[in-house]
Amino acid sequence: MILIGYSGHAFVVYGIFSAAGKKVTGYCDNEEKQNNPFSLAYLGRESSDTAVAAFKQEGFFIAIGDNKIREKIYHSLEMQQLLPANAIHPSAVIDPSATIAANGVMIAARAVINPLAMIGTGAICNTGSIIEHECVVGNFAHIAPGAVLCGNVKVGSNSFVGANAVIKQGVTIGNNVMIGAGSVVLKDIPDNVTVVGVPAQTK
């Protein structure tokens, strides 16, 4: 497996693949990293011939926490008919009735995906997050560590739910929304806003 991106978030992804028994051999980034804790081979940028050949042979994952950058790289490679694997930690609890997109999804250690939830392409359900029944996590959204989506919550594409935030049952979060760490969201949030606090208010 090859990682695209090689910093803090990628280190978590490396741990997921290792726990799942999948060997990570190399990484792509804008430049070679001096900090290389797992002694991975540097393959250049993701567009290089060396990287593309490795993607085809070994598979790859876009290990970048930033939603917009992750989506941009995904679509660039998709145009070349290259699609990333999923990274799912074996300790994650995923109900059989949940729907997980086929490509680019990260589900970290101890995350819980409950019945009839839907996780979109390129989405991140980070460490210990809880996605309750019938929730929808949009494409390239990021649910941060410890965040809780109560039942029937919808999170739009490219939105970010901060660490330990709680979203009340039935709430809809728009696209490109930023929810601050520890916030409690009690009502619907429109597109393109940032909310913080208890209860969450527009910043």
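For clarity, every value in this text was computed on a predicted model and none was experimentally measured.

About the criteria used
- Residues numbered from 1 in each chain as written.
- Predicted model: local features only at pLDDT ≥ 70, side-chain atom pairs only at ≥ 80, totals over all residues.
- Heavy atoms only, no water.
- Helix = DSSP H or I, 4+ residues; strand = E, 2+ residues; numbered from the N terminus.
- Contact = heavy atoms within 4.5 Å.
- Areas by Shrake-Rupley, 256 points an atom, 1.4 Å probe, with all protein chains shown as cover.
- Lys, Arg positive; Asp, Glu negative; His and termini not counted.
- Charge placed at Lys NZ, Arg CZ, Asp CG, Glu CD.
- Salt bridge = Lys/Arg side-chain N within 4 Å of Asp/Glu carboxyl O.
- Buried < 20%, exposed > 50% of the residue type's maximum accessible area, 1.4 Å probe, protein only.
- Expected span 1.5 Å × (residues − 1).
- Arc of directions from axis to C-beta.
- Pairing = 2+ DSSP bridges.
- Phe/Tyr/Trp six-rings, centres within 6.5 Å; stacked < 30°, edge-to-face > 60°.
- Core = buried A, V, L, I, M, F, W, Y, C linked by side-chain atoms within 4.5 Å.

Student: What is the right way to look at the overall build of the protein in this model?
Tutor: Scanning the protein for helices and strands turns up 3 helices and 23 strands. Its C-alpha atoms give the protein principal-axis dimensions of roughly 50 × 35 × 30 Å. If you take every contact in the protein between residues at least 6 apart in sequence, the share linking residues at least 24 apart comes to 24%. Element-wise, carbon and sulfur atoms account for 53% of the exposed surface of the protein, whose accessible area totals about 9100 Å². Side chains of the protein give 13 positive and 14 negative charges; the mean places of these two sets differ by 4 Å.

Student: Could you clarify how one ought to interpret the pattern of salt bridges in this entry?
Tutor: Side-chain pairing between opposite charges can occur once the charged atoms of the two side chains come close. Under the counting rule described, the total for this entry stands at 1 salt bridge. For the salt bridge of aspartate 29 with lysine 33, the shortest nitrogen-to-oxygen distance reads 3.7 Å. Aspartate 29 sits in the buried class, given a relative accessible area of 15%.

Student: Can you walk me through helix 1 (residues 8–19) in this structure?
Tutor: Between the first and last C-alpha of helix 1 there are 17 Å, a value that for 12 residues agrees with the 16 Å anticipated at 1.5 Å per step. Here helix 1 has its buried residues at His9, Ala10, Val13, Tyr14, Ile16 and Phe17. Relative to the axis of helix 1, the buried residues are bounded by an arc of 160° and lie together on one face.

Student: I would appreciate a short explanation of the sheet that holds strand 14 (residues 142–143) in the present structure.
Tutor: Sheet strands pair via backbone hydrogen bonds, and the direction of the pair is either parallel or antiparallel. The strand order 5-8-11-14-17-20-22-23 describes an open sheet built from 8 strands, whose pairing is mixed. Edge positions in the sheet fall to strand 5 (87–88) and strand 23 (201–202), since each has one partner strand and no second. With 2 bridges joining them, strand 8 (residues 106–107) and strand 11 (residues 124–125) adopt parallel strand pairing. Of the residues in strand 11, the one forming a bridge with isoleucine 107 is cysteine 125.

Student: Explain the packing of aromatic side chains to me, please; I cannot follow it from the model alone.
Tutor: Two numbers describe a pair of aromatic rings. These are the distance of the centres and the angle of the planes. Applying the stated rule across the entire model yields 8 aromatic pairs. Ring geometry for tyrosine 14 versus phenylalanine 38: centroids 3.8 Å apart, planes at 10°, classification stacked. You can see tyrosine 14 sitting in helix 1 and its partner phenylalanine 38 sitting in the loop between strand 2 (26–28) and strand 3 (41–42), a full 24 residues away along the chain. By relative accessible area, which is 18% here, tyrosine 14 ends up buried. Its relative accessible area of 30% is what places phenylalanine 38 among the partly exposed residues. Geometrically, the ring pair formed by phenylalanine 17 and phenylalanine 61 is edge-to-face, given 5.9 Å between the ring centres and 75° between the ring planes. Placement of the pair is phenylalanine 17 in helix 1 and phenylalanine 61 in strand 4 (residues 60–62), with a sequence separation of 44 residues. Each of the two residues, phenylalanine 17 as well as phenylalanine 61, counts as buried. Here the aromatic cluster, defined as three or more aromatic residues joined through ring pairs, consists of Tyr6, Phe11, Tyr14, Tyr27, Phe38 and Tyr42.

Student: Honestly, the side chain of arginine 70 in this entry has me stumped. Any pointers?
Tutor: Within the fold, arginine 70 resides in helix 3 (residues 67–78). Setting aside residues no more than four positions away along its own chain, arginine 70 makes contact with Ile62, Ile64, Gly65, Gly122, Ile124, Phe140 and Ala141.

Student: How do you make sense of the nonpolar core when you look at a structure like this?
Tutor: Side chains of nonpolar character tend, in soluble globular proteins, to be buried together. In terms of nonpolar packing, the biggest core is built from 32 residues, with Ile131, Leu149, Val161, Ile167, Ile173 and Ile179 touching the most fellow members. Leave out the neighbours within four places in its chain, and valine 161 touches His142, Ile143, Ala144, Ala147, Leu149, Val155, Ile167 and Ile179. With 17 residues, the next largest nonpolar core counts Leu3, Tyr6, Tyr27 and Ile124 among its residues.

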